[in-house]
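Inside the fold
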Amino acid sequence: PSCRGRWRAAYWSRILGNKASAYLATLERNARALLSIRCAGCDRDWAFHGTFRGPQRAQSLVDVFDGVSEASRPAAVRLTRAWAEYSAGCGPPDEIVNIFTQVWPDAYTRSERMGALSMVIKDPERRVTLLLALLRAAPLIYTGCCAEPHCMRCQVSGHHEGQTCEERA
């Protein structure tokens with residue numbers, strides 16, 4: 001729109017009428033392709049698109065923060081505020097990314113929580129934009145199928161400890 005706001009996929013669906021399901025399917029398919037890797041553990045394709053095999057299936061932002069320390073509770077409040085702005089299209093995902101990397105510095109837990117967060121996000125465009133921003137800031141993840149380490153920036157198995165992605169290339 002001319003106001004530089006964004007329209008949610010659900011809104012576009014109403015405008016598109018009977019073409020809406022094809023539109024949403026295309027968004028989901030493109031998102032899955034963008035976030036897919038080959039797992040070194042099971043040699044199958046795995047998409048970091050709401051498919052993380054975590055201890056729970058997140059239903060809300062509260063679930064994403066389930067089990068965090070009392071010291072991290074203020075971050076949950078900040079995430080809720082940042083999420084309200086981001087989901088309304090009023091800003092970039094930067095604050096959410098900052099919260100995630102501060103609260104969960106270790107790659108395994110962060111991967112698990114990013115997967116949980118992606119299950120909460122209904123709008124495919126917002127989900128992919130946020131996950132890509134998180135993966136740019138913290139590219140070392142574990143696959144949801146086999147918990148294999150993987151670097152999303154280099155697109156290689158393992159976390160190449162002691163080397164940056166640039167040094168590795």
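Up top is the structure these notes are about.
As a starting point, this report considers the structure included with it. Predicted, not measured: the structure shown is a model, and the values here were computed from it.

**Looking at unusual backbone geometry**
The phi dihedral of Ala147 is positive, around 55 degrees, even though this residue is not glycine. Looking at where Ala147 falls in the secondary structure, it is placed in the loop between β3 (140-142) and β4 (149-151). Residue Ala147 is classed as partly exposed on the basis of its relative accessible area of 28%. The residue His160 is not glycine, and still its phi comes out positive at about 30 degrees. Looking at where His160 falls in the secondary structure, it is placed in the loop between β5 (156-157) and α8 (165-168). By relative accessible area, His160 is classed as buried at 14%.

**Topic: helix α5 (residues 94-103)**
Ile96, Val97, Ile99, Phe100 and Val103 are the residues of α5 that are buried. Down the axis of α5, the buried side of the element spans an arc of 165 degrees, and every buried residue falls inside it.

**Describing helix α7 (residues 124-137)**
For α7, which comprises 14 residues, the first-to-last C-alpha distance of 20 Å matches the rise-based estimate of 20 Å (1.5 Å per residue) to within 8%. Contacts from the buried residues of α7 go to α1 (9-16), α2 (20-34), α4 (73-87), α5, α6 (107-120) and β3.

**Observations concerning a nonpolar patch on the surface**
On the surface, Tyr11, Trp12, Ile15 and Leu16 cluster together into a nonpolar patch covering about 330 Å² of accessible area. Topologically, Ile15 is positioned in helix α1.

**Points about the packing of aromatic side chains**
By the definition in use, this model includes one aromatic pair. The interplanar angle of 45 degrees and the centroid separation of 5.6 Å between the aromatic rings of Trp83 and Tyr86 together place this pair among those described as tilted. With Trp83 and Tyr86 both in helix α4, this residue pair falls three residues apart, about one helical turn. Here the guanidinium or amino end of Arg126 rests over the ring plane of Tyr86, the centre of that ring lying 4.0 Å away.

**So, the side chain of His160**
Here Gln163 takes part through its backbone oxygen, which lies 2.9 Å from a polar atom of the side chain of His160. With residues near it in sequence (within four places) discarded, His160 still touches Leu140, Cys151, Cys154, Cys165 and Arg168.

**Brief notes about the packing of α1 against α2**
Each pair of packed helices gets described by two things: the angle between the helix axes and the distance between those axes. At a minimum axis separation of 8 Å, α1 and α2 run at an interaxial angle of 150 degrees. Contacts between α1 and α2 involve Ala9, Trp12, Ser13 and Leu16 on the former and, on the latter, Ala20, Tyr23, Leu24 and Leu27. Class assignment for the residues of the contact of α1 with α2 results in seven nonpolar, one polar and no charged.

**Structural notes on the sheet that holds β4**
Pairing within the open sheet is antiparallel, and its three strands lie in the order β3-β4-β5. Each having just a single partner strand, β3 and β5 make up the two edges of the open sheet. Across two bridges, β4 lies against β5 in antiparallel orientation. Among the inter-strand pairings, His150 is bridged to a residue of β5, identified as Ser157.

**Remarks on the pattern of salt bridges**
Pairing between side chains of opposite charge can happen when their charged atoms approach one another. Under the defined criterion, the tally for this structure stands at three salt bridges. Between Arg38 and Asp45 there is a salt bridge, and its shortest N-O distance comes to 3.3 Å. Classification of Arg38 as partly exposed rests on a relative accessible area of 45%. Classification of Asp45 by relative accessible area gives exposed; the value is 58%. Among the ionic pairs, Glu125 bridges to Arg126, the shortest N-O distance being 3.1 Å. Judged by its relative accessible area of 30%, Glu125 is partly exposed.

Procedures and definitions
- Once a new chain begins, its residue numbering starts again from 1 and follows that chain's sequence as written.
- Only residues with pLDDT of at least 70 are given local features in this predicted model, and only at 80 or more are side-chain atom pairs given and counted; all residues enter the totals for whole chains, interfaces and linings.
- To obtain the side-chain values, all non-hydrogen atoms of the structure were included, while hydrogens and water were left out.
- Segments assigned H or I by DSSP are reported as helices when at least four residues long, segments assigned E as strands when at least two residues long, and all are numbered from the N terminus.
- Burial classification: accessible surface area is computed with a 1.4 Å probe over protein chains only, and a residue below 20% of its type maximum counts as buried, one above 50% as exposed, and the rest as partly exposed.
- Throughout, the arc means that of the directions going from the helix axis to the C-beta atoms.
- To estimate the expected span of a helix, count its residues, drop one, and scale the result by 1.5 Å.
- Residue contacts are counted whenever heavy atoms from the two residues lie within 4.5 Å of one another.
- A patch consists of residues exposed above 30% relative accessible area that lack any salt bridge, with like charges linked at up to 9 Å and nonpolar side chains (Val, Leu, Ile, Met, Phe, Trp, Tyr) linked at up to 5 Å.
- Each accessible area value is a Shrake-Rupley result obtained with a 1.4 Å probe; residue values ignore everything except the protein chains displayed when judging cover.
- Counted as salt bridges are all cases of a side-chain nitrogen of Lys or Arg within 4 Å of a carboxyl oxygen of Asp or Glu.
- Under the pairing criterion, centres of Phe, Tyr and Trp rings, with the six-membered ring standing for Trp, must be within 6.5 Å; the plane angle then separates stacked pairs below 30 degrees from edge-to-face pairs above 60, leaving the rest tilted.
- In this scheme, the term charge over a ring applies when either NZ of a lysine or CZ of an arginine sits within 6 Å of the ring centre and within 35 degrees of the ring normal.
- Under the rule applied, a polar contact is a pair of N or O atoms within 3.5 Å (in protein, one hydrogen donor and one hydrogen acceptor; residues adjacent in sequence only if both atoms are side-chain atoms).
- Lines fitted to C-alpha atoms define the axes, with helix axes restricted to the stretch in contact, and inter-axis angles between N-to-C directions lie between 0 and 180 degrees.
- Think of it as three bins: nonpolar holds Ala, Val, Leu, Ile, Met, Phe, Trp, Tyr, Cys and Pro, charged holds Asp, Glu, Lys and Arg, and polar takes everything else, Gly as well.
- A pair of strands is labelled paired if DSSP reports no fewer than 2 bridges between them.

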